[in-house]
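Structural overview
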Amino acid sequence: HARAVVALAALVLVVPEARAQGAAACAPSDSAAEATIRTRLADWVEATNRGDRAAARDVWAPAVVGWFPSAAVFGDSAAFAEAGLTFDRSAPPSATTFELRIDQVDVGGRMAAVHDVWTETRRLPGGRSVRRVIRGSELWRCSADGKWRIARYVSAPEPWAVVR
């Protein structure tokens, strides 16, 4: 029984490491990885702001796991209510843009932690706009294809506010 436990432990520890070493390198150094991650985030903002969902999706790892609060105060209807408008689910989505401030990027090998602040602005009917600030933390991993991708995230949005 003890040999089986030791063999299983060795398999659990060695096989993933061997797989990781065989995967493409995402960057030659941690500082280069930080620069790459910053660029990937800037590229996401640009792609999202121009409506290129396919390009924006490239930053997400397969099977990404994340959390964004689902309380009504953070939803679409709250954005409209804050602007004094009635939310219409059948209406086309409002134009949304993002700005980003990266507060911290810590890289160690094939993983990185990023802390950032997003500003989301929605342009609503009648020339009204609302904005919210979203604090985020992401766990980035070096993917087998050599790209840094977000594997885990948590978001902490503030309520919507009218842009004056």
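Residues numbered from 1 in each chain as written. Predicted model: local features only at pLDDT ≥ 70, side-chain atom pairs only at ≥ 80, totals over all residues. Heavy atoms only, no water.

Quick look at the nonpolar core
In this structure, I37, W140 and W148 are the most contacted members of the largest nonpolar core, which totals 21 residues. Residue contributions to this core peak at 6 residues, all from helix α2 (residues 30–49). Here W140 is in contact with I37, R40, L41, V59, R110, M111, A112, V114, W148, R149, I150 and A151, once residues within four sequence places are set aside. Core analysis: the second largest hydrophobic core is formed by 7 residues, A79, A83, V130 and W160 among them. (Core = buried A, V, L, I, M, F, W, Y, C linked by side-chain atoms within 4.5 Å. Buried < 20%, exposed > 50% of the residue type's maximum accessible area, 1.4 Å probe, protein only. Helix = DSSP H or I, 4+ residues; strand = E, 2+ residues; numbered from the N terminus. Contact = heavy atoms within 4.5 Å.)

Things to note about the state of the cysteines
Applying the stated rule across the entire model yields 1 disulfide. The side chain of C26 participates in a disulfide bridge whose partner is C142; the two sulfur atoms lie 2.1 Å from each other. Here the disulfide of C26 and C142 is right-handed, its torsion about the S-S bond being about 95°. With C26 in the loop between α1 (2–22) and α2 and C142 in strand β4 (residues 129–142), this residue pair connects regions lying 116 residues apart in the sequence. (Disulfide = S-S within 2.5 Å.)

Regarding the pairing of β4
Where strand β3 (residues 111–123) meets β4, 13 bridges bridge the pair, whose relative direction is antiparallel. Among the inter-strand pairings, D116 is bridged to a residue of β4, identified as G136. Of the strand pairs in this sheet, β4 and strand β6 (residues 161–162) are connected by 2 bridges, and their pairing is antiparallel. Its bridge partner being in β6, V130 is matched across the sheet by V162. Following β4, the chain reverses through 5 residues before pairing antiparallel with strand β5 (residues 148–157); G146 in that reversal takes a positive phi of roughly 90°. (Pairing = 2+ DSSP bridges.)

Here we look at the pattern of salt bridges
What the rule picks out here adds up to 10 salt bridges. D58 is paired through a salt bridge with K147; the nearest N and O atoms lie 3.2 Å apart. Here the residue D58 occupies a position in the loop between α3 (53–57) and β1 (60–67), and K147 occupies one in the loop between β4 and β5, the gap between them amounting to 89 residues. Residue classification places D58 among the partly exposed positions, given a relative accessible area of 23%. With its nearest N and O atoms 2.3 Å apart, the salt bridge here joins R122 to D76. Of this pair, R122 sits in strand β3 while D76 sits in helix α4 (residues 76–82), and the two are 46 residues apart along the sequence. For D76, a relative accessible area of 35% corresponds to the partly exposed category. In this structure, a network of salt bridges that share partners links the residues R40, D58, D145, K147 and R149. (Salt bridge = Lys/Arg side-chain N within 4 Å of Asp/Glu carboxyl O.)

Focus on unusual backbone geometry
Here A63, not a glycine, exhibits a phi torsion of approximately 60°, which is positive. Inspection of the secondary structure puts A63 in strand β1. On the accessibility criterion, A63 (67% relative accessible area) is exposed.

Side note on α2
Relative to the 28 Å expected for 20 residues at 1.5 Å per residue, α2 spans 29 Å between its end C-alpha atoms, a close match to the ideal helical length. Regarding α2, the residues found buried are A33, I37, R40, L41, W44, V45 and A47. For α2, the secondary structure elements touched by its buried residues are α3, β1, β2 (95–108), β3, β4 and β5. Just downstream of α2 lies G51, where phi reads positive at about 85°. (Expected span 1.5 Å × (residues − 1).)

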